[in-house]
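# Examination of the molecular architecture
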Amino acid sequence: MPKVLIVEDEEPLSLLLRYNLEAEGYAVESCMRGDDAEVRLRESVPDLLLLDWMLPGISGIELCRRLRMREDTERLPIIMLTARGEEAERIRGLSTGADDYVVKPFSVPELMARVRAILRRANPEVVSSMLRSGDIELDRETHRVRRSTKEIHLGPTEFRLLEFLMTSPGRVFSREQLLDGVWGHDVYVDERTVDVHVGRLRKALNRGKAKDPIRTVRGAGYAFNDQFAVA
Ligand code: CA
């Protein structure tokens, strides 16, 4: 299980990141101060660090600089979280040794994709390509989906839709958010298209008495229900 340390003093953001990372199978630790993070990083080094720029104690940028000078954290993958307006400073961030940065407010699925990409680059064997929930397994590498060991055949859009929903279990996505996340910003597709593909995905997933893992939230959209019982 890859370990991720979140250093972020905005508690709601830290909790949101923890929730999403844990859903993807990471072991998550968090702290809210730069100096506390430094102490913790002397005790154990995670597989990846999500580091806020502005922190009490010592700043993210200073911590990043110090970590790069330590032999055991010299290559630790670091993603900096910066607020809008600090963008001009990002060059300084990267030159300080961060591997990547995201500007707040960022899209959580996009950050998760970057976390995976950076971990895979740094340490290919640590990142599992499998997403699991209940009796459903989705393999991102081979694009295979199974439910209770039975192979499920999905079209490319249904596959991406399921992958997107499975990476944020419990979260309700509006049709617009699903269009952005699955179809992309530049594609013009009617919101009803989402309903059509959700319908196809459900049909493929729910054979026999299998419980429907996709929840329709009236007036809001859809969620992948991580609480669904294994039928
Ligand atoms: Ca901050």
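Residues numbered from 1 in each chain as written. Predicted model: local features only at pLDDT ≥ 70, side-chain atom pairs only at ≥ 80, totals over all residues. Heavy atoms only, no water.

- If you check an unreviewed UniProt entry, the protein appears there as Phosphate regulon transcriptional regulatory protein PhoB from Roseibium polysiphoniae.
- In UniProt, the protein has this text filed under Function (unreviewed entry): "This protein is a positive regulator for the phosphate regulon. Transcription of this operon is positively regulated by PhoB and PhoR when phosphate is limited."
- Heading Subcellular location (unreviewed entry) of the UniProt record for the protein holds this comment: "Cytoplasm". (UniProt positions renumbered as here; feature names shortened; annotations may be inferred.)

## With respect to unusual backbone geometry
- Pro 105 follows Lys 104 through a cis peptide bond whose omega is -5°.
- In this structure, Ser 148 takes a positive phi of about 50° despite not being glycine.
- Position of Ser 148 relative to the elements: it lies in the loop between β8 (144-147) and β9 (150-152). (Helix = DSSP H or I, 4+ residues; strand = E, 2+ residues; numbered from the N terminus.)

## Describing the pairing of β8
- Taking every second residue as pointing to the same face, the buried face of β8 carries Val 145 and Arg 147, while none of Arg 144 and Arg 146 on the other face is buried.
- Sheet analysis places strand β7 (residues 136-139) next to β8, joined by four bridges and oriented antiparallel. Its bridge partner being in β8, Glu 137 is matched across the sheet by Arg 146.
- In textbook terms, the turn of a hairpin is the stretch between consecutive antiparallel strands, and for β7 and β8 this stretch comprises four residues, one of which, His 143, has a positive phi near 60°.
- Where β8 meets β9, three bridges bridge the pair, whose relative direction is antiparallel. Considered in β9, the bridge of Arg 147 is made with Lys 150.
- What sits between β8 and β9 in their antiparallel hairpin is a turn of two residues, with Ser 148 showing a positive phi close to 50°. (Buried < 20%, exposed > 50% of the residue type's maximum accessible area, 1.4 Å probe, protein only. Pairing = 2+ DSSP bridges.)

## Looking at the packing of helix α6 (residues 156-166) against helix α7 (residues 175-183)
- For the pair α6 and α7, the least separation of the axes is 9 Å and the interaxial angle reads 115°. Compared by their axis directions, α6 and α7 come out roughly perpendicular. The handedness of the crossing between α6 and α7 comes out as right-handed. Residue-level contacts link Thr 157, Arg 160, Leu 161, Phe 164 and Leu 165 of α6 to Gln 177, Leu 178, Gly 181, Val 182 and Trp 183 of α7.
- Residues of the contact of α6 with α7, tallied by class, amount to six nonpolar, three polar and one charged. (Axes fitted to C-alpha atoms, helices over the stretch in contact; angles between N-to-C directions. Parallel < 35°, antiparallel > 145°, perpendicular 65-115°, else oblique. Left-handed = near helix turned anticlockwise from the far one by under 90°. Contact = heavy atoms within 4.5 Å. Nonpolar A, V, L, I, M, F, W, Y, C, P; charged D, E, K, R; others polar.)

## A word on the environment of Ala 23
- Along the chain, the position of Ala 23 falls in helix α1 (residues 11-23).
- Distance in space between the C-alpha atoms of Ala 23 and Thr 167 is 6.7 Å, their sequence separation being 144 residues.
- For Ala 23, the contacting residues outside a window of four places in its chain are Thr 167 and Pro 169.

## Thoughts on the sheet that holds strand β10 (residues 172-173)
- Reading across from one edge, β10-β12-β11 is the order of the three strands in this open sheet, with antiparallel pairing throughout. Among the strands making up the open sheet, the edge pair consists of β10 and β11 (214-217).
- Across four bridges, the pairing between β11 and strand β12 (residues 221-224) is antiparallel. Each bridged residue has a counterpart across the sheet, and for Val 217 the counterpart in β12 is Gly 221.

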